[in-house]
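Residue-level structure breakdown
Residues per chain, in single letters:
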Amino acid sequence: MNPKDEMLEEYDFSNGIRGKYAERYKEGVNIIKLDSDVTKFFPDAKSVNEALRTLIKLMGQGDSSLRVSS
């Protein structure tokens with residue numbers, strides 16, 4: 001076994017809760033990787049969500065022709 005694969009002694013999971021997020025994970029996970037230049041301005045999920053909500057409002061919420069597609 002590679003020494004890098006071993007659990008370090010300072011890790012303490014004694015107060016951990018098994019499966020704490022399992023139900024939420026089963027409902028679906030939406031992970032998006034932001035480029036580094038974007039993370040300088042939006043360092044966390046809250047800031048990204050606020051910016052996207054503002055953009056949605058500016059685009060006109062009900063106009064499906066303005067929706068961004070991937």
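**A closer look at the overall build of the chain**
Counting its secondary structure elements, the chain contains three helices and zero strands. Along the chain, from the amino end to the carboxyl end, the secondary structure elements read α-α-α. Relative to its 70 residues, the chain shows a buried fraction of 3%. In the structure as shown, the chain presents an accessible area of about 7400 Å², 53% of it carried by carbon and sulfur atoms.

**What to know about the pattern of salt bridges**
Per the counting criterion, the structure on display carries one salt bridge. A salt bridge links Glu-23 to Lys-26, with the nearest nitrogen and oxygen atoms 3.7 Å apart. Taken as a pair, Glu-23 and Lys-26 lie in helix 1 (residues 22–27) at a separation of three residues, close to a single helical turn.

**Let's talk about the confidence of the model for the chain**
For the chain, per-residue confidence averages 83 on the pLDDT scale, and residues scoring 70 or more make up 81% of the total. Per-element confidence in the chain is highest for helix 2 (residues 36–39), whose mean pLDDT is 94, and lowest for helix 1, whose mean pLDDT is 86.

**Regarding a nonpolar patch on the surface**
Residues Met-7, Leu-8, Tyr-11 and Phe-13 make up a contiguous nonpolar surface patch of roughly 470 Å² in combined accessible area. Here Tyr-11 shows up in the segment before helix 1.

Procedures and definitions
Residues numbered from 1 in each chain as written. Predicted model: local features only at pLDDT ≥ 70, side-chain atom pairs only at ≥ 80, totals over all residues. Heavy atoms only, no water. Helix = DSSP H or I, 4+ residues; strand = E, 2+ residues; numbered from the N terminus. Buried < 20%, exposed > 50% of the residue type's maximum accessible area, 1.4 Å probe, protein only. Areas by Shrake-Rupley, 256 points an atom, 1.4 Å probe, with all protein chains shown as cover. Salt bridge = Lys/Arg side-chain N within 4 Å of Asp/Glu carboxyl O. pLDDT = per-residue confidence, 0-100. Patch = residues over 30% accessible without salt bridge, like charges linked within 9 Å, V, L, I, M, F, W, Y side chains within 5 Å.

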